[in-house]
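What follows is each chain in one-letter form.
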Amino acid sequence: MNKAKQTIEQYALVVEGLVYGFTEDKLLFDGLDLAIPTGEFVALLAPSGIGKTTLFRLLTGQLQPIAGVLHIGAEEAEKTEKAIGRSMRIGYMPQRDSLMPWRTVLDNAVLGLELSGVSKHKARQQALELLPQFGLAGTENSYPHELSGGMRQRVSFLRSMLGGSSMLLLDEPFSALDAMVRIQMQEWLLQVWEQHRKTILFITHDIDEAILLADRVLVAASSPVSMLHEIVIDLPRPRSYDIVLDREFIALKRRAMELLGRGSLPRES
Amino acid sequence: MNSSAKAALKVGRDDTQDVSSEINARKATDKQTHKPVHKQIRHKLLANFPLLAFILLLAIVWEGLTRLLPIPHYIIPRLSAVLQSLVEHAPVLAKHFVITLNESIIGLMISVLLGSLCALLIDSIKIAQRTLYPVIIASQTIPIIALSPIMVMWFGYELWSKVSVVVLFTFFPITVNTIAGLRAADPDIGELMRSMGASKGDLFWKWKLPSAVPHFFTGLKMAATISVGGATLGEWLGSEAGLGMYTKRASNLLQGEAVFTGVLLLSAMGIMLFLTVQLIERIVKGERRY
């Protein structure tokens, strides 16, 4: 990694030599290294079935790696007693919105705060302040079934943001939305990210989405994943969807497609 | 990119203002609160008109056939005679009605407690799932009617023998539906909560339990309708009062009108209990949609 001079504290996430598989002979990750500096937006571009969800579970502490070390924030979280601490540090946004249908927008948004012991009143106040920014002003007392798909995803994102974690993991959050809404949500996410600059690991299989949003795109093309190809996206910010037609964007996209294509061939030893 | 496409892609702030008005509009159309009350009633009557007409038709056919054909009154009494008997014996019937209703409600409440408890045990403890669940399922192959006399032997001719038969009838639907509800809890929400550091208690109170609410009420509604059957059977086996006892005695005396009066009242009681549970369900759920 070209930022090797940075100390470990400046990284939101460092993964070293991660090995994991559901069975010993069929590994999903084989010595994977990954480092994300604080405040960076990283997209992980991978075809389906490569073990994205498993990676999330490893990062949120629901699965224990066979070998390797996960550093989250400044903390080394390989010891089991720190597993809870690790969970608190990573805000996870699932693929489906997974809102509780029996809770209002506001009560859904504060779930993370509530579970970390913040008083209900304080948590609600905090969420209420953020609703307008998330395009949800006036919806605090609505139930999820009254919202559109895009709005539900924004509630889900707000819920992950409010968890108080230093880093967000977004698992294909827009894949279930139709094309127009997805573009709206991508532009909206760019706006919100501009304001908060949270560290984000965004998993997707949409090449345009990855390049549009991220500072850096990591491509996992072959299974088991032992290394990630890196594409640095030096497109200027703030960005809007218009840039997908720019020459630079298309060049980056071509490179990403090449990397994905190369991976589909059998790995040379 | 042309300008109209750009406008369509504009995000965030632009639709922020529209959101609340859009929601309010949806709520308004959902509830139709703007309609005056008498129009709502008229609307309901119109919607239920086919049902009402059908019931009226059945009543006319009943009355007509029993008048035209030489059917003895102890086989099928005339509807008019049944209604007459209902009015004449209203005070006595009311007393029996309350007794049977009381047995049904107490039985239901015991089933709710026992059933929910069993469901919780089975869902949360592996060993209970391996032992208790198969036994509860298998127990349903026992014909409850055959078991009911034992309840009379155990609990005598007082209230509790009837209540115990009601519990036998209603325990199963409540338990099985509540288990189904606990299992239907969205695993993605559970995983999300765990990633947020939720404790076992959090998972139960904030995820499992609310998820089970709709299934629980499905079970309770089924139980409410069959509870009356349980109470009636209990009274047949041995009782001094109640509508079940009333119909049995009337049947022994070949009083067709009285039997039909009792049956009508029992079914009315079942409907009443069902509607009550439905009302409680609506109050509990409020505006939420599961």
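These notes cover the structure that comes with them. (Residues numbered from 1 in each chain as written. Chains lettered and ligands numbered in written order. Predicted model: local features only at pLDDT ≥ 70, side-chain atom pairs only at ≥ 80, totals over all residues. Heavy atoms only, no water.)

## Looking at a nonpolar patch on the surface
Now for step 1: Together, B:Phe54, B:Leu57, B:Leu58, B:Val61, B:Leu65, B:Leu68 and B:Leu69 make up a nonpolar patch on the protein surface, roughly 680 Å² of accessible area in all.
Now for step 2: With respect to the secondary-structure elements, B:Leu68 resides in helix H4 (residues 49-68). (Patch = residues over 30% accessible without salt bridge, like charges linked within 9 Å, V, L, I, M, F, W, Y side chains within 5 Å. Areas by Shrake-Rupley, 256 points an atom, 1.4 Å probe, with all protein chains shown as cover. Salt bridge = Lys/Arg side-chain N within 4 Å of Asp/Glu carboxyl O. Helix = DSSP H or I, 4+ residues; strand = E, 2+ residues; numbered from the N terminus.)

## So, the pattern of salt bridges
Now for step 1: For the coordinates displayed, the defined rule picks out 18 salt bridges over all chains.
Now for step 2: For B:Asp188, the salt bridge identified is with A:Arg96, shortest N-O distance 3.0 Å. Taken together, the residues span two chains, with B:Asp188 in helix H10 (residues 187-195) and A:Arg96 in the loop between strand S6 (90-93) and helix H3 (105-109).
Now for step 3: One salt bridge in this structure joins B:Lys208 and B:Asp123, with 3.2 Å as the shortest N-O distance. Of this pair, B:Lys208 sits in helix H11 (residues 200-237) while B:Asp123 sits in helix H6 (residues 90-124), placing them 85 residues apart in sequence.

## Observations concerning the packing of helix H9 (residues 159-183) of chain B against H11(B)
Residues and elements named next belong to chain B.
Now for step 1: Two elements in contact, H9 and H11, have axes whose closest approach is 7 Å; the angle formed by their N-to-C orientations is 160°. The orientation of H9 with respect to H11, classified from their angle, is roughly antiparallel. In the packing of H9 onto H11, the handedness of the crossing is right-handed. (Axes fitted to C-alpha atoms, helices over the stretch in contact; angles between N-to-C directions. Parallel < 35°, antiparallel > 145°, perpendicular 65-115°, else oblique. Left-handed = near helix turned anticlockwise from the far one by under 90°.)

## Observations concerning the layout of surface pockets
Residue and element names in this part refer to chain B.
Now for step 1: Counted as a void, the largest pocket has a volume near 300 Å³.
Now for step 2: Along its surface, the largest pocket is lined by Asp123, Ser124, Ile125, Lys126, Gln129, Arg194, Lys200, Leu203, Phe204, Trp207 and Lys208.
Now for step 3: Broken down by element, the residue count for the lining of the largest pocket peaks at 5 residues, all from H11.
Now for step 4: Each residue belonging to the lining of the largest pocket can be placed in one class, and the counts come to 4 nonpolar, 2 polar and 5 charged.
Now for step 5: Here the second largest pocket is characterised by a volume of approximately 250 Å³.
Now for step 6: Lining the second largest pocket are 14 residues, and of these Leu108, Met109, Leu220, Val277 and Ile280 sit closest to its centre.
Now for step 7: Of all the secondary structure elements, the ones that give two or more residues to the lining of the second largest pocket are H6, H11 and helix H13 (256-285). (1 Å grid on protein atoms, 1.4 Å probe; cavity = no way out; pocket = protein on both sides within 12 Å on 5 of 7 lines; lining within 4 Å. Points joined across faces, edges and corners; volume = space filled by probe spheres on them. Nonpolar A, V, L, I, M, F, W, Y, C, P; charged D, E, K, R; others polar.)

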